[in-house]
Amino acid sequence: MSLVKSDNLRDIRTLLGMTSDDIAGLIGVSAQFIRMCETGSRKLPGQRALAIERALNVDRETLTRIGELSAHIRNVSK
């Protein structure tokens, strides 16, 4: 199971200094697809999430920390 999810994809790529075009190019999909996943209008399939995780070459601990930070920021801003 991937640590990359629709609700943290934007945060992960932003913290890594990447655009939706960058992510899309890494896994062979359109930037529009990435943006739709980020906004929740499309589900991020597990196979694509794993492809993103592998392409980013970021260890699982870092992805976990980014996910936790992302969730914390969302909760604080409510």
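- Named according to an unreviewed UniProt entry, the chain is HTH cro/C1-type domain-containing protein originating from Paenibacillus odorifer.

Side note on the overall build of the chain
Phase 1: When helices and strands are counted, the chain shows five helices and zero strands.
Phase 2: The order of helices and strands in the chain, counted from the N terminus, is α-α-α-α-α.
Phase 3: Its C-alpha radius of gyration of 12 Å places the chain within 12% of the 12 Å reference for a compact globule of 78 residues.
Phase 4: Dimensions of the chain along its principal axes, counting C-alpha atoms only, are 35 × 25 × 25 Å.
Phase 5: The 78 residues of the chain split such that 35% are buried.
Phase 6: Relative to all contacts within the chain whose residues are 6 or more apart in sequence, the contacts with residues 24 or more apart total 64%.
Phase 7: Accessible area for the chain stands at about 4900 Å²; split by element, carbon and sulfur atoms hold 52% of it.

Comments concerning the environment of A55
Phase 1: Topologically, A55 is positioned in helix α4 (residues 46-56).
Phase 2: On a C-alpha basis, the gap between A55 and S70 in space is 20 Å, while along the polypeptide they are 15 residues apart.
Phase 3: Setting aside chain neighbours within four positions, we find A55 in contact with L26 and I27.

Parameters and conventions
Residues numbered from 1 in each chain as written. Predicted model: local features only at pLDDT ≥ 70, side-chain atom pairs only at ≥ 80, totals over all residues. Heavy atoms only, no water. Helix = DSSP H or I, 4+ residues; strand = E, 2+ residues; numbered from the N terminus. Rg over C-alpha atoms; globule rule 2.2 N^0.38 Å. Buried < 20%, exposed > 50% of the residue type's maximum accessible area, 1.4 Å probe, protein only. Contact = heavy atoms within 4.5 Å. Areas by Shrake-Rupley, 256 points an atom, 1.4 Å probe, with all protein chains shown as cover.

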